[in-house]
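A look at the structure
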2 protein chains.
Amino acid sequence: MYRHFETDLQELKQQILAMGGSVEKGLAEVCQALFTKDHGKLKEVHEQETKVNDLQIAVDQACVQLLARQAPVAKDLRLVIAIIKINTDLERMGDQVVNIAHCTNDLFRMGQALTVPADVLTISEKVRSMVRDGLDAFVRRDVALSRAILNRDDEVDELRDKIIREAIQMVRQKPDLLESCLELIMIAKNFERMADHATNIAEEVIYLATGDDVRHGKSGSATP
Amino acid sequence: MYRHFETDLQELKQQILAMGGSVEKGLAEVCQALFTKDHGKLKEVHEQETKVNDLQIAVDQACVQLLARQAPVAKDLRLVIAIIKINTDLERMGDQVVNIAHCTNDLFRMGQALTVPADVLTISEKVRSMVRDGLDAFVRRDVALSRAILNRDDEVDELRDKIIREAIQMVRQKPDLLESCLELIMIAKNFERMADHATNIAEEVIYLATGDDVRHGKSGSATP
């Protein structure tokens, strides 16, 4: 019985990692489309999202079956519940990648009169590393890496605010760029929301590894 | 043992309803602040968010304890997992109410030169009814009401797009309103995201009541 549980759990972890892999791939593709103006990449983003959505449903069903058949307790139960939550975070990330693809497509449609600011590249790279590290932290139960992700979330918030200020400045100088700049702002906002979901995953890992609930700035431990 | 489970489950439902009540109250307060320019209401919004955050942690802990102690199966297990997810949706809604409060505060700070379009009132009322009906549907396992919520989500998406077009039009006519109009767009986007979370709750209720997973436009049933 117990060995069966371990096998099911390994399979579930593999599904979550496959899902994370699709989110990462979609994110890489949308960044390539945005920064190299490779329109063809946008279609591939949608293919990744379909995979993510299908996996979300499969993971949810597998979690319910696992809980029903094995009735895990303590750490095993916490792990299954963490997977249920991480599953939701990854699916939302998939949606946000698609939102960025829509904004990028609209930018292409508007004729790309606008130069994408360097800070958009910076925020995209930071968010990509947060997504990748979030999954690595989950696999390795790496608390230090998880805490580093929480810190990077603040940097992403600052970058988003900076991009918004830059976009406002661009519109002031060239009012014709209003709609393009709005798309830029939406792109920055979506990256920032992806960072929020990576942060949720990091918080789950910390809770799994230490039992310490760090959501809403709460922490049972005395460490900063 | 079973009676104990029922008591725990009832308590959990009460906590979810208290959380939903705080989200609804915060939403009502931020709408009052936005439409009647009652600045004092914004402080109350933050008080509601604190309640929502505290309840989120309490509900999560209660769910883990319930699963560990009672090992529910079938419908009872699905209900506990639905509560775990609805808990996350309500917490995010609390965040979005706070985002709207920040935007409203920024609008006040900018001197309110801008008239809030009637469509913002319409979207706020639609979202408030979706949040309320989502919780009612959950309490009563009301599939018809849940399906009505899914339909209203499309109306909210259209309203958000209309508000964005109106805001762009306003900036074209009065470039000084750029930053105020950006806040308006963010307010519309946050209302729309709240509607997404109400839709998630409605989908959970449909799944609980019928076993039919309607996420991502999928449906196992032949009914439309």
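To be clear, the structure that these remarks concern was listed above.
The rules behind these values
Residues numbered from 1 in each chain as written. Chains lettered and ligands numbered in written order. Predicted model: local features only at pLDDT ≥ 70, side-chain atom pairs only at ≥ 80, totals over all residues. Heavy atoms only, no water. Helix = DSSP H or I, 4+ residues; strand = E, 2+ residues; numbered from the N terminus. Rg over C-alpha atoms; globule rule 2.2 N^0.38 Å. Contact = heavy atoms within 4.5 Å. Lys, Arg positive; Asp, Glu negative; His and termini not counted. Charge placed at Lys NZ, Arg CZ, Asp CG, Glu CD. Phe/Tyr/Trp six-rings, centres within 6.5 Å; stacked < 30°, edge-to-face > 60°. Lys NZ or Arg CZ within 6 Å of the ring centre and 35° of its normal. Buried < 20%, exposed > 50% of the residue type's maximum accessible area, 1.4 Å probe, protein only. Polar contact = N/O pair within 3.5 Å; in protein donor to acceptor, adjacent residues only side chain to side chain. Least-squares fit on C-alpha atoms with pLDDT ≥ 70 in both. Axes fitted to C-alpha atoms, helices over the stretch in contact; angles between N-to-C directions. Parallel < 35°, antiparallel > 145°, perpendicular 65-115°, else oblique. Nonpolar A, V, L, I, M, F, W, Y, C, P; charged D, E, K, R; others polar. Buried area = accessible area lost by both parts, 1.4 Å probe. Salt bridge = Lys/Arg side-chain N within 4 Å of Asp/Glu carboxyl O. Expected span 1.5 Å × (residues − 1). Left-handed = near helix turned anticlockwise from the far one by under 90°.

What to know about the overall build of chain A
The secondary structure content of chain A amounts to six helices and zero strands. Ordered by position from N to C terminus, the α and β elements of chain A give α-α-α-α-α-α. For chain A, whose C-alpha radius of gyration is 19 Å, the value lies close to the compact-globule estimate of 17 Å for 224 residues. Dimensions along the principal axes, computed over C-alpha positions, put chain A at roughly 65 × 40 × 20 Å. The long-range share in chain A, meaning contacts at least 24 apart out of those at least 6 apart in sequence, stands at 82%. Charge-centre separation for chain A: the mean point of 29 positive side chains lies 2 Å from the mean point of 37 negative side chains.

Things to note about the packing of aromatic side chains
The full count for this structure, using the stated rule, is zero aromatic pairs over all chains. Directly above the aromatic system of A:Tyr207 lies the positively charged group of A:Arg78, at a separation of 5.1 Å from the ring centroid.

So, the environment of B:Ala198
Residues and elements named next belong to chain B. Among the secondary structure elements, Ala198 is positioned in helix 6 (residues 178-210). Under the relative-accessibility criterion, Ala198 is labelled buried at 1%. Counting along the chain gives 109 residues from Ala198 to Asp89, while the straight-line C-alpha distance between them is 7.7 Å. Leave out the neighbours within four places in its chain, and Ala198 touches Met93, Met130, Val131 and Ile149.

What about the side chain of A:Asp213?
When you line up the elements, A:Asp213 lands in the segment after helix 6 (178-210). A polar side-chain atom of A:Asp213 sits 2.9 Å from a polar atom in the side chain of A:Arg215.

Description of the side chain of B:Asn200
Note that B:Asn200 resides in helix 6. Take B:Asn200: its relative accessible area is 17%, and that puts it in the buried class. The residues contacting B:Asn200, other than those within four sequence positions of it, are A:Arg92 and B:Asp89.

So, the relation of the copies chain B and chain A
The operation relating chain B to chain A is a screw motion whose rotation component is 180 degrees, with 0.0 Å of axial translation and a residual RMSD of 0.0 Å. Such a combination of rotation and displacement between the chain copies is what one expects of a two-fold axis. Using C-alpha coordinates, one finds that chain B approaches the rotation axis most closely at B:Ala71, a distance of 2.7 Å. Of the interface residues in chain B, 100% have counterparts in chain A that sit at the interface too, so the contact is made through matching surfaces.

Details of the packing of helix 5 (residues 143-173) of chain A against helix 6 of chain A
All names here are of chain A. At a closest axis distance of 9 Å, the pairing of helix 5 and helix 6 adopts a crossing angle of 170 degrees. As judged from the angle between their axes, helix 5 and helix 6 are roughly antiparallel. The residue makeup of the contact of helix 5 with helix 6, split by class, is 20 nonpolar, three polar and eight charged.

Here we look at the interface of chain B and chain A
Listed as interface residues are 34 residues of chain B and, on the opposing side, 34 residues of chain A. When the area that chain B buries against chain A is broken down by residue, the three leading residues are B:Ile57, B:Leu178 and B:His216, summing to 16%. Where chain B touches chain A, the interface holds eight salt bridges. Of the charged contacts in the structure, one is a salt bridge between B:Asp60 and A:Lys85, with a shortest N-O distance of 2.4 Å. Summed over the shared surface of chain B and chain A, the result is 10 residue pairs in polar contact (both at pLDDT 80 or more).

Points about helix 6 of chain B
The periodicity of an α-helix, 3.6 residues per turn, causes residues three or four places apart in sequence to face the same way. Taking 1.5 Å per residue as the helical rise, helix 6 of chain B with its 33 residues ought to reach 48 Å, and the 48 Å between its terminal C-alpha atoms agrees with that figure. Just downstream of helix 6 of chain B, B:Gly211 is the residue with a positive phi angle, here 75 degrees.

Focus: the pattern of salt bridges
If you walk through the whole model with that rule in mind, you get 32 salt bridges over all chains. Residues A:Lys85 and A:Glu204 are paired through a salt bridge, measuring 3.7 Å at the closest nitrogen-oxygen approach. Pair noted here: A:Lys85 is in helix 3 (residues 74-109) and A:Glu204 is in helix 6, with a separation of 119 residues, a long-range link. No difference in accessibility class separates A:Lys85 from A:Glu204, as the two residues are buried. A single network of salt bridges, built from pairs that share partners, joins A:Asp60, B:Lys85, B:Glu204, B:Asp213 and B:Arg215.

Points about the packing of helix 4 (residues 118-140) of chain B against helix 6 of chain B
For any two helices packed against each other, one specifies the crossing angle of their axes together with the interaxial distance. Residues and elements named next belong to chain B. Viewed as axis vectors pointing N to C, helix 4 and helix 6 meet at an angle of 20 degrees, and their least axial separation amounts to 9 Å. It follows from the interaxial angle that helix 4 and helix 6 lie roughly parallel. Crossing of helix 4 over helix 6 shows left-handed handedness. On helix 6, the residues that touch Val120, Ile123, Ser124, Val127, Met130, Val131, Gly134, Ala137 and Phe138 of helix 4 are Leu184, Ile187, Ala188, Phe191, Met194, Ala195, Ala198, Thr199, Ile201, Val205 and Leu208. A breakdown of the residues in the contact of helix 4 with helix 6 according to their chemical character gives 17 nonpolar, three polar and no charged.

Describing helix 4 of chain B
An ideal rise of 1.5 Å per residue puts 33 Å on 23 residues; helix 4 of chain B measures up with 33 Å between its terminal C-alpha atoms. Following helix 4 of chain B by one or two positions, B:Arg141 has its phi on the positive side, about 50 degrees.

Some words on unusual backbone geometry
For A:Ala74, which is not glycine, the phi dihedral falls at a positive 50 degrees. Within the secondary structure, A:Ala74 is located in helix 3. Residue classification places A:Ala74 among the exposed positions, given a relative accessible area of 53%. A positive phi angle, near 50 degrees, is found at B:Arg141, a position not held by glycine. Within the secondary structure layout, B:Arg141 lies in the loop between helix 4 and helix 5 (143-173).

None of this, on its own, says anything about what the molecule does.
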